[in-house]
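Here is what each chain is made of, one letter per residue.
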Amino acid sequence: MQQHEGSSHSSKQALFGVWTLVSIKKISHMASSSVMRQVSTAIQPQVFINFRGSELRRSFIAFLEPAMREANINVFIDELELMGTDLENLLVRIEESKVALAIFSKDYTSSVWCLDELVKIKECKDQGGLKVIPIFYKLEPSVVKYLQGSFGDNFRNLKRNHQHEPVKTQKWEEALTSITQTRGMRLPEQSDRSDKEFINSIVKEVKKLLANIPIVEKPPREVTNQSRGIFFVPARRLDITHSEKPENWTWNSIYDGQSEADIEVAMLITVYWLHITGNFHTRKLTPGTKYEVVFILNLDDTAAGWEEPVTLKLKLEHRGGSQSIQERTLSLDDYIGDGNNWVDIQVGEFEAPPKSAAAKIFFSLHQYVDTDRKDGLVVKGVAIRPTARDQVTI
């Protein structure tokens, strides 16, 4: 789908008050500043466990979960959701996680939910926001990868039962193949190791992964201005490659005096490879209304490495698997020196579908010219807002 040139105006007017961006690079190092403040409260990154409940809940999981909690690991399993909660809530939990354990067992492929969760895990992994450890519990990796034995028979039976959903079943198969290619951990059916020993090794591996993930404050999924129908996905909710590395990015909080609230911004120190992605569910939008998706950015006067254009991409993915994609390129070099103003970089536009056919949007900004050392970029977040109303910069 061809995308026309979008709006990219600047303004000091913010959605929740007036924001001051004066010399953001200079004041980022002032810990006592009333404008930029380091976030003090924190939570552990979440670990999601994907498993066949009827087979493992009262056995292996009954020992794994408490072992992880004892090791101060913030673990999530589906029984923590309220009874009657639909699958969509669990998929959101996966998006909120930083690590996922996919525990393959003999009866795993009898469950539609297990496979739907695995598809979401693969999606988040491919977007760079999730680390995955496949666990082969009394099952060989080749059995999962090549759908052998009863594991494969169960999958084929499930596939026949859902032959009217070929896109869905294809994604199941792709997820099984993809996740098994990741280095995992296995406990053979005939093994000298006990479940306890295996669990201890899993806990150790998860802790090693978590040691490389920063402990941060958990922001809201999005900030809403209901009177204008505008949604704002803050920077901390985006997947920004290398944002966990202080030598590449730093995180600071901008204080808004009118709303008495903080919003974190990601400040680029230096990278060669830039990749920022995020997503949003359309069920919160007004059906039939046309929306635009815009990145809210700033490039300071000393920003460098932006001579080559960035690529902006917007994908609308429907439940049945159909997709519409918009893609365009734009030079951020044109926005250097916009002073104290935030800049709107439009990704694309779409019409919100009916609630009964709610879809998901995925948006991204990337530049892969690894010979250009980039710096000076500040990322505030992404706005999803109606195009027919007066434009308001967040």
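Source: prediction; values computed, not measured.

Q: Got a minute to help me understand a nonpolar patch on the surface in this structure?
A: A grouping of Tyr-272, Trp-273 and Tyr-368 is seen on the molecular surface, where their side chains present a nonpolar patch of about 320 Å² in accessible area. In this fold, Tyr-272 is placed in the loop between β14 (261–268) and β15 (274–281). For Tyr-272, a relative accessible area of 42% gives the class partly exposed.

Q: Could you clarify how one ought to interpret helix α9 (residues 195–210) in this entry?
A: With 16 residues, α9 extends 22 Å from end C-alpha to end C-alpha; this agrees with the ideal 22 Å at 1.5 Å per step. Burial in α9 covers these residues: Phe-198, Ile-199, Ser-201, Ile-202, Val-203, Glu-205, Val-206 and Leu-210. The inward-facing, buried residues of α9 contact β5 (46–50), α3 (60–70), β7 (97–104), β8 (131–137) and β9 (185–187).

Q: Any chance you could explain the nonpolar core here in plain terms?
A: As a rule of thumb, nonpolar side chains are buried together in soluble globular proteins. Formed by 41 residues in total, the largest nonpolar core has its most connected members in Phe-295, Phe-363 and Ile-384. Counting residues per element, this core draws most heavily on strand β16 (residues 290–304), at 6 residues. When near neighbours in sequence (up to four residues on either side) are disregarded, Phe-295 contacts Leu-238, Ile-276, Leu-312, Val-343, Asp-344, Ile-345, Val-347, Phe-363, Ser-364, Leu-365, Gly-381 and Val-382. Within the second largest apolar cluster, 29 residues are counted, among which are Phe-48, Phe-104, Ile-121 and Trp-172.

Q: Looking at this model, I keep getting lost on the pattern of salt bridges. Mind explaining?
A: Applying the stated criterion across every chain yields a total of 20 salt bridges. With a shortest N-O distance of 3.1 Å, Glu-95 and Lys-120 are connected by a salt bridge. Here Lys-120 lies in helix α5 (residues 112–126) and Glu-95 lies in helix α4 (residues 87–96), a separation of 25 residues in the sequence. We classify Glu-95 as buried; its relative accessible area is 16%.

Q: Even after reading the chapter, I still don't get the sheet that holds strand β12 (residues 239–240), so can you show me in this structure?
A: Within a sheet, neighbouring strands are paired by backbone hydrogen bonds and run either parallel or antiparallel to one another. The strand order across the open sheet formed by 5 strands is β12-β15-β20-β17-β18, and the pairing between neighbours is antiparallel. Every other strand in the sheet has two partners, leaving β12 and β18 (323–330) as the edge strands with one partner each. By the bridge criterion, 8 bridges tie β15 to strand β20 (residues 360–367) in an arrangement that is antiparallel. Each residue of the ladder has a partner; that of Ile-276, found in β20, is Leu-365.

Q: How should I be thinking about the sheet that holds β7 in this particular structure?
A: Sheet architecture is open: 5 strands sit in the order β6-β5-β7-β8-β9, paired in parallel fashion. Looking at the sheet topology across the chains shown, the edges are occupied by β6 (74–76) and β9. Strand after strand, the sheet turns through a mean of 20° between neighbouring axes, direction not considered. Across 6 bridges, β7 lies against β8 in parallel orientation. Counterpart to Ala-100 in the pairing with β8 is Val-132. Each of β7 and β8 is contacted by helix α8 (residues 166–180), which is oriented at about 100° to β7, the strand it contacts most.

Q: Help me understand the pairing of β7 in this model?
A: Moving residue by residue along a regular strand, the side chains alternate between the two faces of the sheet. The buried fraction of β7 is high, at 7 of 8 residues. Relative to β7, β5 runs parallel, the two being bridged by 5 bridges. Paired with Gln-46 across the two strands is Ser-97, which belongs to β7. Crossover handedness for the path β7 to α5 to β8: right-handed.

Q: Sorry, what's going on with unusual backbone geometry here?
A: One non-glycine residue with positive phi stands out, namely Asn-72, at about 65°. Secondary-structure assignment places Asn-72 in the loop between α3 and β6. For Asn-72, a relative accessible area of 54% translates into the label exposed. If you check the backbone angles, Lys-138 has positive phi at about 55° while not being a glycine. In this fold, Lys-138 is placed in the loop between β8 and α6 (141–145).

Q: Before we go on, may I ask you to explain the pairing of β15 in this structure?
A: Of all 8 residues in β15, 8 are buried, a share of seventy percent or more. Alternating residues of β15 divide into Leu-274, Ile-276, Gly-278 and Phe-280 and His-275, Thr-277, Asn-279 and His-281, and every residue in both groups is buried. Strand direction decides the pairing type here: β12 and β15, joined by 2 bridges, are antiparallel. Looking at the pairing, Asp-239 lines up with Thr-277 of β15.

Q: Is there a simple way to explain the side chain of Ser-364 in this structure?
A: One can find Ser-364 in strand β20. On the basis of relative accessibility, which here comes to 11%, the residue Ser-364 falls in the buried class. Ser-364 has contacts with Ile-276, Thr-277, Phe-295, Thr-311, Leu-312, Lys-313 and Val-347, leaving out every residue within four places of it along the chain.

Q: I keep staring at the environment of Trp-172 and nothing clicks. Help me out?
A: Mapping Trp-172 onto the fold places it in helix α8. Judged by relative accessible area, which is 0%, Trp-172 ranks as buried. Taking C-alpha positions, Trp-172 is 9.8 Å from Lys-122, a pair spaced 50 residues apart along the chain. If near-sequence neighbours (up to four positions away) are discounted, Trp-172 is found in contact with Val-112, Leu-115, Asp-116, Val-119, Phe-155, Leu-158 and His-162.

Q: Is there a simple way to explain the packing of α3 against α9 in this structure?
A: When two helices pack together, you describe them by how their axes are tilted relative to each other and by the distance separating the axes. Packing of α3 against α9 leaves a shortest axis separation of 10 Å and a crossing angle of 40°. Our classification of the angle between α3 and α9 gives oblique. Between α3 and α9 lies a crossing whose hand is right-handed. Contacts between α3 and α9 involve Phe-60, Phe-63, Leu-64, Ala-67 and Met-68 from the first element and Asp-195, Phe-198, Ile-199, Ile-202, Val-203 and Val-206 from the second. Tallied by class, residues from the contact of α3 with α9 come to 10 nonpolar, no polar and 1 charged.

Rules and cut-offs
Residues numbered from 1 in each chain as written. Predicted model: local features only at pLDDT ≥ 70, side-chain atom pairs only at ≥ 80, totals over all residues. Heavy atoms only, no water. Patch = residues over 30% accessible without salt bridge, like charges linked within 9 Å, V, L, I, M, F, W, Y side chains within 5 Å. Areas by Shrake-Rupley, 256 points an atom, 1.4 Å probe, with all protein chains shown as cover. Salt bridge = Lys/Arg side-chain N within 4 Å of Asp/Glu carboxyl O. Helix = DSSP H or I, 4+ residues; strand = E, 2+ residues; numbered from the N terminus. Buried < 20%, exposed > 50% of the residue type's maximum accessible area, 1.4 Å probe, protein only. Expected span 1.5 Å × (residues − 1). Contact = heavy atoms within 4.5 Å. Core = buried A, V, L, I, M, F, W, Y, C linked by side-chain atoms within 4.5 Å. Pairing = 2+ DSSP bridges. Axes fitted to C-alpha atoms, helices over the stretch in contact; angles between N-to-C directions. Right-handed = clockwise from strand over helix to strand, strands pointing away. Parallel < 35°, antiparallel > 145°, perpendicular 65-115°, else oblique. Left-handed = near helix turned anticlockwise from the far one by under 90°. Nonpolar A, V, L, I, M, F, W, Y, C, P; charged D, E, K, R; others polar.

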